[in-house]
Amino acid sequence: MNAKDHAKIEQLVAPEFALYRRNGELMSQRHDWLDFLYHTEIKEYTVRDISAKAYGDFGVVTLVCTWSGVHNGGAFDVHAVMVDTWHRTKGKWQVVARNSCTPTADSAGTAEPCPTYHYSK
């Protein structure tokens, strides 16, 4: 990601990609999400508890992610649960949607467990 390999990223992220909150509310369209990534320096990125299941030409990947870095001069440290939906077209897999939740110790037991971060709209 830090290499800013736009060609590779563009291959993996489908034109219709969108990022959603845990409740299905649109957080970011593809263009805005890629713009965020292209203007971010990632300091740490770890993934654990990965589960991937294929259903014909669709796949669902769930994971727990920790990432920190700097975006437009501001530091961030995010711990998230993510669900990615992938679609295989002409033999190539692309992510078409991501649902993300970033609970904190204070928010986890509340009606709104996923706070909004500065990359959110």
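That block above? That's the structure.
Student: It is not clear to me how the overall build of the protein should be interpreted in this structure. Could you clarify?
Tutor: Helix and strand counts for the protein stand at two helices and six strands. Starting at the N terminus and ending at the C terminus, the protein contains elements arranged as α-β-β-α-β-β-β-β. Computed over its C-alpha atoms, the radius of gyration of the protein comes to 15 Å, within 12% of the 14 Å expected for a compact globule of 121 residues. For the protein, the residues scored as buried account for 36% of the 121 residues in total. Long-range pairs, those at least 24 residues apart, make up 47% of the contacts in the protein between residues at least 6 apart in sequence. When the accessible surface of the protein is split by element, carbon and sulfur atoms take 55% of a total near 7200 Å². Considering the protein, the positive charge centre built from 13 side chains and the negative charge centre built from 14 side chains are found 6 Å apart.

Student: In this structure, what is going on with the sheet that holds strand 1 (residues 13-21)? I would like to understand it.
Tutor: Within a sheet, adjacent strands bond to each other through the backbone by hydrogen bonds, running parallel or antiparallel. The six strands lie next to each other as 2-1-6-5-4-3, forming an open sheet whose pairing is mixed. Because the sheet does not close on itself, it has two edges, and the strands there are strand 2 (26-29) and strand 3 (40-55). Averaged over all pairs of adjacent strands, the angle between strand axes in this sheet comes to 25°, irrespective of strand direction. The pairing of strand 4 (residues 58-71) with strand 5 (residues 74-89) spans 14 bridges and is antiparallel. Bridge assignment links Val61 to a residue of strand 5, and that residue is Asp84.

Student: Before we go on, may I ask you to explain the pairing of strand 1 in this structure?
Tutor: Side-chain direction in a regular strand flips from residue to residue, so the side chains alternate between the two faces of the sheet. Sheet analysis places strand 1 next to strand 6 (residues 92-101), joined by five bridges and oriented parallel. When the sheet's bridge partners are listed, Arg21 is paired in strand 6 with Ser100. Bridge count between strand 1 and strand 2: three bridges; the pairing is antiparallel. Following the sheet pairing, Leu19 is matched in strand 2 by Ser28. Here strand 1 folds back onto strand 2, and the loop between the two strands holds four residues, one of which, Gly24, carries a positive phi near 90°.

Student: How do you make sense of the environment of Gly56 when you look at a structure like this?
Tutor: Among the secondary structure elements, Gly56 is positioned in the loop between strand 3 and strand 4. By relative accessible area, Gly56 is classed as partly exposed at 48%.

Student: Can you walk me through the nonpolar core in this structure?
Tutor: The tendency in soluble globular proteins is for nonpolar side chains to be buried as a group. Formed by 20 residues in total, the largest nonpolar core has its most connected members in Trp33 and Trp67. Looking at this core, the elements with two or more residues in it are strand 1, helix 2 (30-38), strand 4 and strand 5. With five residues, the single largest contributor to this core is helix 2. Sequence-distant contacts of Trp67, that is, excluding residues within four places in its chain, are made with Trp33, Phe36, Leu37, Ile42, Glu44, Tyr45, Phe76, Asp77, Val78 and Met82.

Student: What is the right way to look at the pairing of strand 5 in this model?
Tutor: In textbook terms, the turn of a hairpin is the stretch between consecutive antiparallel strands, and for strand 4 and strand 5 this stretch comprises two residues, one of which, Asn72, has a positive phi near 50°. Summarising the sheet, strand 5 and strand 6 pair through nine bridges and their orientation is antiparallel. Paired with Arg88 across the two strands is Trp93, which belongs to strand 6. With antiparallel pairing between neighbouring strands as the criterion, strand 5 and strand 6 make up a hairpin whose turn holds two residues, including Lys90 at a positive phi of roughly 55°.

Basis of the calculations
- Residues numbered from 1 in each chain as written.
- Predicted model: local features only at pLDDT ≥ 70, side-chain atom pairs only at ≥ 80, totals over all residues.
- Heavy atoms only, no water.
- Helix = DSSP H or I, 4+ residues; strand = E, 2+ residues; numbered from the N terminus.
- Rg over C-alpha atoms; globule rule 2.2 N^0.38 Å.
- Buried < 20%, exposed > 50% of the residue type's maximum accessible area, 1.4 Å probe, protein only.
- Contact = heavy atoms within 4.5 Å.
- Areas by Shrake-Rupley, 256 points an atom, 1.4 Å probe, with all protein chains shown as cover.
- Lys, Arg positive; Asp, Glu negative; His and termini not counted.
- Charge placed at Lys NZ, Arg CZ, Asp CG, Glu CD.
- Pairing = 2+ DSSP bridges.
- Axes fitted to C-alpha atoms, helices over the stretch in contact; angles between N-to-C directions.
- Core = buried A, V, L, I, M, F, W, Y, C linked by side-chain atoms within 4.5 Å.

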